2 protein chains.
Amino acid sequence: MVRLKSPVRPEWVDPAICSTEYRLKIIGRLPFFQHLPAEAIIKINGLFHDHDFSLDERIYLEGDQADRLYLVAMGKVKLVRSTSSGREVLLDILPGGEYFGTLTVFGGRAHTETAIAQTDCCILQISSGDFERILAKHPDVMRKVLEAVSKRLAESQEIVRQLSAYTAEQRIASALLRLAGKLGEARGQGVLIQLPFSRQDLAAMTGATTETVSRIISRFVEDGLVKSGRKWVTIMDMKRLEELTKKGAVN
Amino acid sequence: MVRLKSPVRPEWVDPAICSTEYRLKIIGRLPFFQHLPAEAIIKINGLFHDHDFSLDERIYLEGDQADRLYLVAMGKVKLVRSTSSGREVLLDILPGGEYFGTLTVFGGRAHTETAIAQTDCCILQISSGDFERILAKHPDVMRKVLEAVSKRLAESQEIVRQLSAYTAEQRIASALLRLAGKLGEARGQGVLIQLPFSRQDLAAMTGATTETVSRIISRFVEDGLVKSGRKWVTIMDMKRLEELTKKGAVN
DNA sequence: CGACTTTTTGAGTCTAGTCAAAACATGTGG
DNA sequence: CCACATGTTTTGACTAGACTCAAAAAGTCG
């Protein structure tokens, strides 16, 4: 059987592609703007500035003053928090179309996490002030923002639960499923996750070490649950992975 | 040395105390109403209904339809999520004056956690509909709600970090400090935490087992960091506890 | 083809979990 | 006020899952 080498196809992040047309599409799809009429979106678009970041560049740091809302136009961004001991905890990976930095636009003065470009990417930014003016003009947008933040809170609490009660194996299985749902691409019968993301990243998401992640992924490969290589994983058997996360947790 | 037996003094939860006067005080202190004029608070008060719950009674269950916002008037409430395997994860403990259930008023259809009376308590409730009408009338309230939810999101992410990178000892130290800040009462040179809360609860907060919690608390007692007994803990040396949480995490 | 990074594997150790039983507290009824 | 029933906390012995350190193997890129 021919083993597929690397199914990863690097995304093209051509700054030129951040055209007005594309920006309108991305902005218009944001959960809190999608109900607005086209003219409003066009106006709002004018308030966003774009900025390219290259792989591994930091978009902002934990502790930086939070005075902007960010939007991933192209590429992927990861949100991390680091511990005093240097260990990184990966809170979330955001594909194109997702916003970040919000949380702190309201209330918070400083960012509580660091945002890093997971790939070369193009980021749209809007200042707190401009965003607040939008909120003032469109009261319904605020409700949507609230919904969006609430949803993230629920997700975060779900992760708390998993970290508390799951074994490393279950946490990894669950992280893969979550990523597949959010960032996966169909590939034959499997779902490919190519962020790209390394064992490191997966370890930082699940509170495990790279070695442990590697061992467990190897086990998954043996059992035919996934295929994997450098910086990618393809899920071959979602069903069994899901069962893993459900079966008798620590007790 | 005389060991202090039980410093716990049960709170009196006298339903009669949920007087209009007291209700106004509690409601007026909510982060999202506190800026409103007294007349508005009085009007809002009329929309809340009170209900007493006794120890261990469930206020709502994970999965229940979320159609109300709750407010702890008297007593304490804990929010838990349980895993398929029956293990409980304690997400938060709320003292008088805190709200809950919100998250799902906006966007969510179902509660994502279960709320349980940690003591006998008196809960104020307002229907989604009435609350939304308040939001519509006072746009600034919505912004405050958003801030409040954002703050909880940041807290939740902090817990994710701790669960990922801290040892059980550090998580327990950190949980004690958090509880002390929120629910502690000064007692001589120490800070007493009497929710009441058991080793069970502390275990469920920190993702550890009761036995582990017990062993670690015993070590803390030996080292003079805390005093403890059935359902209470007094922190004697905050500084050293804080150092514990900072010192070399898993790496 | 190297040089470099990422992933895998192995051996040894330690933290925290499991199971079981004893010690303690607290509240009740005699 | 004591003895008992019940629920909570502590302790002990054992085990297992996950971490550490170290080194080999496999991919990737210029």
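Above this text is the structure in question.
For the structure given in this document, a descriptive report is provided here. (Residues numbered from 1 in each chain as written. Chains lettered and ligands numbered in written order. Predicted model: local features only at pLDDT ≥ 70, side-chain atom pairs only at ≥ 80, totals over all residues. Heavy atoms only, no water.)

Re the interface of chain B and chain A
- Listed by partner, the interface residues are 42 residues for chain B and 42 residues for chain A.
- Summing the contributions of chain B and of chain A, the shared interface buries around 4,000 Å²; its carbon and sulfur component is 65%.
- Across the chain B-chain A interface, the total number found is six salt bridges.
- Its salt-bridge partner being R143 of chain A, residue E132 of chain B comes within 3.0 Å of it at the nearest N-O pair.
- For the pair chain B and chain A, the number of links is seven residue pairs in polar contact (both at pLDDT 80 or more). (Contact = heavy atoms within 4.5 Å. Buried area = accessible area lost by both parts, 1.4 Å probe. Salt bridge = Lys/Arg side-chain N within 4 Å of Asp/Glu carboxyl O. Polar contact = N/O pair within 3.5 Å; in protein donor to acceptor, adjacent residues only side chain to side chain.)

Notes on the pattern of salt bridges
Residue and element names in this part refer to chain A.
- Tallying each qualifying case throughout the model produces 26 salt bridges over all chains.
- We note a salt bridge from R152 to E98, for which the minimum N-O separation is 3.0 Å. Within this pair, whereas R152 is found in helix α5 (residues 139-165), its partner E98 is found in the loop between β5 (88-94) and β6 (99-100), the two being separated by 54 residues in sequence.
- Relative accessible area serves as the criterion here: at 12%, R152 is assigned to the buried category.
- With a relative accessible area of 22%, E98 lands in the partly exposed category.
- Across the salt bridge formed by D237 and R240, the nearest N and O atoms sit 3.0 Å from each other.
- For R240, a relative accessible area of 38% corresponds to the partly exposed category. (Helix = DSSP H or I, 4+ residues; strand = E, 2+ residues; numbered from the N terminus. Buried < 20%, exposed > 50% of the residue type's maximum accessible area, 1.4 Å probe, protein only.)

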